[in-house]
Every structure is written in C-alpha cells, then in structure tokens.
Amino acid sequence: MRHGSALLLSTLLLQACSPSLNWREVRLPGGDYKALLPCKSDQATRPQRLAGQDLQLTVQGCKAAGGLYAVSVAELAAPSSLPAVLAQWQQQLLTSLKASATTEHPVSIADADSLPPAVYLEATGEGADGRALSVQALWFVRGSRIYHAALYAERITEPMSVTFFSGVARQ
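Residues numbered from 1 in each chain as written. Predicted model: local features only at pLDDT ≥ 70, side-chain atom pairs only at ≥ 80, totals over all residues. Heavy atoms only, no water.

For the structure on display, the rule yields eight aromatic pairs. Centre to centre, the rings of Tyr69 and Phe164 are 5.4 Å apart; their planes meet at 75°, and the pair counts as edge-to-face. Highlighted residues: Tyr69 in strand β5 (residues 67-75) and Phe164 in helix α3 (residues 158-166), separated in sequence by 95 residues. The class of Phe164 is buried, set by a relative accessible area of 0%. (Phe/Tyr/Trp six-rings, centres within 6.5 Å; stacked < 30°, edge-to-face > 60°. Helix = DSSP H or I, 4+ residues; strand = E, 2+ residues; numbered from the N terminus. Buried < 20%, exposed > 50% of the residue type's maximum accessible area, 1.4 Å probe, protein only.)

Encoded structure:
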C-alpha cells in the first residue's frame, strides 16, 4: 500500500470512530421503532397542538458534526385526524424555515401503516439566526402514533443522512 493511500485510510478510519459521529441506538416511545443518533441524545416531552388535537410530543435529539438530529413520537387520541395532523406538522416545519425550495415523495417504512403514506421531505430555507439551513425529514404512522425524524444542517451530506434515516427501523 502506498504511503498516501495508507494515510487516507487512516484518516477515514479515525473519522468513522470520531466522537462527533458516535452512532448509538435509541428506542422510540411505544416500543415499535428504534433510531440511530450520532451522539448522546437529550429527551424531552412537550405539549403540542396540531389540527385541533392536544398531543404530547416526545423528542430525542442531539447535535454532531454540524447537524441537529431529532426523532419524535406523538400519540393521537383521535387517529381519524392523522392526515390533518401530519399536514399541519409538515407545514409548520416549512414555515419555521421560511422554506424556499422543497421536494417531497412517499417512502416505504417497515411495518408502518400505508395510510396515510410515509413521507420524506427535503427543504432549504433559513434558521432563526438568518443563516442558510437545510432539512431532511421523515414522517410515518403506525396505529395511533406519528413518528418523525429530522436532520437540520447548513449543508447535509450523504454520510450524515444515510446512516440517520436508514437507522429508523422496526425493533
């Protein structure tokens, strides 16, 4: 192996083991799903009102390598309002970013309900400080629970998003 190649390999291995990307599994409330977060997460539960429903939103998240990673779960008392709650949640995210560009498409999540379908969204806008901010977000439903995963960063790279979103899986 040439010296340059050995140095590159060593650098890549060190980055993969870097404490800033120390991937760990977290179990999401309700016990159905788990996620991977790249750092030790904080957890909080806060009330949220969406589409006329009062919800308790449990959020786990952390900051690492220039990104904010978060996973959330909300239990609905009236599952019939799922489409309205999802639509308002997605709109709130876009409004908070003053989103200028968005793409959205359905995705498949193991054992998630097919209706309403799981949605993956990408948007660019600005953070509270006025700086450019990108977000990639996922919402899906199982029973009366809405699951949400989001990654916020000035620049989202493939290594940041692929591991994070592929880590959201059925337990």
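Attention now moves to the sheet that holds β5. Strand order across the open sheet formed by seven strands is β3-β4-β5-β9-β8-β7-β6, with antiparallel pairing between neighbours. Looking at the sheet topology across the chains shown, the edges are occupied by β3 (42-50) and β6 (101-107). Across this sheet, the average inter-strand angle for adjacent strands is 20°, counted without regard to direction. In this structure, strand β8 (residues 132-142) lies alongside strand β9 (residues 145-153), joined through nine bridges in antiparallel fashion. Opposite Gln136, over in β9, you have Leu151 as the bridge partner. Set on the sheet, helix α2 (residues 82-97) makes contact with β3, β4 (53-64), β5, β6, β7 (118-126), β8 and β9; between it and β8 the angle comes to about 170°. Strands in contact with α3 are β5, β7, β8 and β9; relative to β9, the strand with the most contacts, it is inclined by about 165°. (Pairing = 2+ DSSP bridges. Axes fitted to C-alpha atoms, helices over the stretch in contact; angles between N-to-C directions. Contact = heavy atoms within 4.5 Å.)

Bringing the pattern of salt bridges into the picture now. Per the stated rule, a full pass over the model turns up nine salt bridges. Two residues, Arg145 and Asp32, come together in a salt bridge whose shortest N-O distance is 3.2 Å. Here Arg145, found in strand β9, pairs with Asp32, found in the loop between β1 (24-27) and β2 (33-37); they are 113 residues apart in sequence, far enough to count as distant. For Asp32, a relative accessible area of 15% puts it in the buried group. Residues Glu126 and Lys98 are paired through a salt bridge, measuring 3.3 Å at the closest nitrogen-oxygen approach. In this pair, Glu126 sits in strand β7 while Lys98 sits in the loop between α2 and β6, placing the two residues 28 residues apart along the sequence. In this structure Glu126 comes out as partly exposed when scored by relative accessible area, which is 29%. Within the structure, one salt-bridge network assembled from shared partners comprises Asp32, Glu75, Asp111, Arg142, Arg145 and Arg170. (Salt bridge = Lys/Arg side-chain N within 4 Å of Asp/Glu carboxyl O.)

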